[in-house]
Amino acid sequence: MSDTQKLDKYFYQDTAAPARPKSAENAHTRLIRLAKLLLPGTAALLISLLLIFPKLKQQTYDIKLDITRPKSGELEKLHMEKTTFYITDKNNRVTNLTAANIDETSPGSKLIKLNRPEGIIPNGDTTWINIKSPTGFFNQTENVLRLTDGVEMFYSDGMTVNTFETKFNFTTSVGSGRSHVSGQGIFGDIEAEGFDLYNKTGVLVFIGPADLKIREESFKSEKQ
């Protein structure tokens, strides 16, 4: 009987856990209390983020679409910056025209809007006209250039003509305008209600009523 008790005592002593120090118990207790305080707050924060995050993600996505989404027809229209192009008339004379930018008015329309167009149009065989305006339109189908919003034309012989709107037909080599015209040249000044320009012959015809003021020195022989 005594041998059995000794054996039991032997096995219980080997398998029993060592006694935990009192300081370790206190640290363990404090850790458990701290976890009980922090875990509910952390869980509440995570739940709040899960509820808010999808809304924030969706809102950012919507704003991005509003900024980057192209307008209807925007990609189909022609747009070019700082453009130089050339127009050839029926006599194979070339007009050199530049613009700050050009835009097709609608997809496939062949009507091009020009911002600040400026160029040189041959006028006759030896003369030319420098033209410029704030706005212009070139119809590729009709081969017609229309300038508007204040047109300035400077002739190589020294005359300047200003009008509100004018057009040049490169198929017929004729330019025209039917708004008020004011001109200044070596011969004098002129006011008229329109003009016709024939590029083939270089003739400029003013449409009346017209008021012409001739300078006295233009009648001198050395000016003739």
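Preceding block: the structure.
Throughout, a residue's number is its position along its own chain's written sequence, starting from 1. Thresholds applied to this predicted model are a pLDDT of at least 70 for local features of residues and 80 or more for the giving and counting of side-chain atom pairs; totals over whole chains, interfaces and linings are not thresholded and use all residues. Hydrogen atoms and water are omitted, and side-chain values are computed over all heavy atoms in the structure.

### Points about the overall build of the chain
Here comes step 1: A tally of regular secondary structure across the chain gives two helices and 16 strands.
Here comes step 2: For each residue, the accessible area found with a 1.4 Å probe, counting protein chains only, is set against the maximum for its type, and the residue is called buried under 20%, exposed over 50%, and partly exposed in between. The proportion of buried residues among the 224 residues of the chain is 28%.
Here comes step 3: Considering only contacts in the chain between residues 6 or more positions apart, those separated by 24 or more positions represent 35%.
Here comes step 4: In the form shown here, the chain has an accessible surface area of approximately 15,900 Å², with 58% of it arising from carbon and sulfur atoms. The helix and strand labels rest on DSSP assignments: H or I over at least four residues marks a helix, E over at least two residues marks a strand, and numbering proceeds from the N terminus. The contact criterion used is simple: two residues touch if any of their non-hydrogen atoms lie within 4.5 Å. The protein chains shown are the only cover counted for residues, whose accessible areas, like all others here, come from Shrake-Rupley with a 1.4 Å probe.

### A short note on the pairing of strand E14 (residues 194-198)
Here comes step 1: Extensive coverage of E14 is indicated by the burial of four of its five residues.
Here comes step 2: Paired strands, as defined in this entry, are two strands with at least two bridges between them according to DSSP. Across four bridges, the pairing between strand E11 (residues 174-177) and E14 is antiparallel. Bridged to Val174 within E14 is Tyr198.
Here comes step 3: Looking at chain direction, E14 and strand E15 (residues 203-207) are connected through five bridges and run antiparallel. From the neighbouring strand, Gly194 faces E15, where its bridge partner is Ile207.
Here comes step 4: Two successive antiparallel strands, E14 and E15, enclose a turn made up of four residues, where Gly202 displays a positive phi of approximately 80°.

### Remarks on a nonpolar patch on the surface
Here comes step 1: Surface patches are drawn from residues lacking salt bridges whose relative accessible area is over 30%; two like charges belong together within 9 Å, two nonpolar side chains (Val, Leu, Ile, Met, Phe, Trp, Tyr) within 5 Å. Salt bridges are identified by distance alone: a Lys or Arg side-chain nitrogen within 4 Å of an Asp or Glu carboxyl oxygen. Taken together, the side chains of Ile120, Trp128 and Phe154 make up a nonpolar region of the molecular surface, amounting to roughly 250 Å² of accessible area.
Here comes step 2: Along the chain, Phe154 turns up in strand E8 (residues 151-155).
Here comes step 3: By relative accessible area, which is 32% here, Phe154 ends up partly exposed.

### With respect to the pattern of salt bridges
Here comes step 1: The tally for this structure, following the rule as stated, stands at two salt bridges.
Here comes step 2: Two residues, Arg146 and Glu165, come together in a salt bridge whose shortest N-O distance is 2.6 Å. You can see Arg146 sitting in strand E7 (residues 144-148) and its partner Glu165 sitting in the loop between strand E9 (160-163) and strand E10 (166-169), a full 19 residues away along the chain.
Here comes step 3: Here Arg178 makes a salt bridge to Asp196, at a shortest N to O gap of 3.0 Å. Highlighted residues: Arg178 in the loop between E11 and strand E12 (181-184) and Asp196 in strand E14, separated in sequence by 18 residues.
Here comes step 4: The exposure class of Arg178 is exposed, given its relative accessible area of 54%.

### Topic: the nonpolar core
Here comes step 1: The biggest cluster of nonpolar side chains holds 24 residues, and the ones touching the most others in it are Leu114, Ile131, Leu145, Met153, Tyr155 and Phe168.
Here comes step 2: Counting residues per element, the ones that place at least two in this core are strand E1 (79-88), strand E2 (94-104), strand E3 (111-115), strand E5 (127-132), E7, E8 and E14.
Here comes step 3: Ignoring anything within four residues of it in the chain, the contact list for Ile131 reads Leu97, Pro117, Glu118, Gly119, Ile121, Leu145, Leu147, Glu152, Met153 and Phe168. Take the buried Ala, Val, Leu, Ile, Met, Phe, Trp, Tyr and Cys residues and link them wherever side-chain atoms come within 4.5 Å; each set so joined is a nonpolar core.

### Let's talk about the pairing of E11
Here comes step 1: As paired strands, E10 and E11 are joined by three bridges and run antiparallel to one another. When the sheet's bridge partners are listed, Lys167 is paired in E11 with Ser176.
Here comes step 2: Hairpin geometry of E10 and E11 is characterised by an intervening segment of four residues between the two adjacent antiparallel strands and by a positive phi of about 60° at Ser173.

### Re the packing of aromatic side chains
Here comes step 1: Two rings belonging to Phe, Tyr or Trp (six-membered ring only in the last case) form a pair when the distance between their centres is within 6.5 Å. Interplanar angles under 30 degrees mark stacking, angles over 60 mark edge-to-face geometry, and anything in between is tilted. All chains considered together, the criterion is met by one aromatic pair.
Here comes step 2: Measuring from centroid to centroid gives 6.4 Å for Trp128 and Phe154, while their planes differ by 50°, and the two rings are tilted. Taken together, the residues Trp128 in strand E5 and Phe154 in strand E8 connect sequence positions 26 residues apart.

### Side note on unusual backbone geometry
Here comes step 1: In the segment running from Gly208 into Pro209, the intervening peptide bond is cis, with an omega of 5°.
Here comes step 2: Structurally, Pro209 can be placed in the loop between E15 and strand E16 (211-214).
Here comes step 3: The phi dihedral of Arg116 is positive, around 55°, even though this residue is not glycine.
Here comes step 4: Positionally, Arg116 belongs in the loop between E3 and strand E4 (118-123).
Here comes step 5: Phi angles above zero are rare outside glycine, and Asn143 is one such case at about 60°.
Here comes step 6: Here Asn143 lies in the loop between strand E6 (135-139) and E7.

### Structural notes on the environment of Phe154
Here comes step 1: C-alpha of Phe154 to C-alpha of Lys132: the two residues are 22 residues apart in sequence and 9.0 Å apart in space.
Here comes step 2: Ignoring sequence-local partners within four residues, the contact set of Phe154 consists of Trp128, Ile129, Asn130, Met159 and Thr160.

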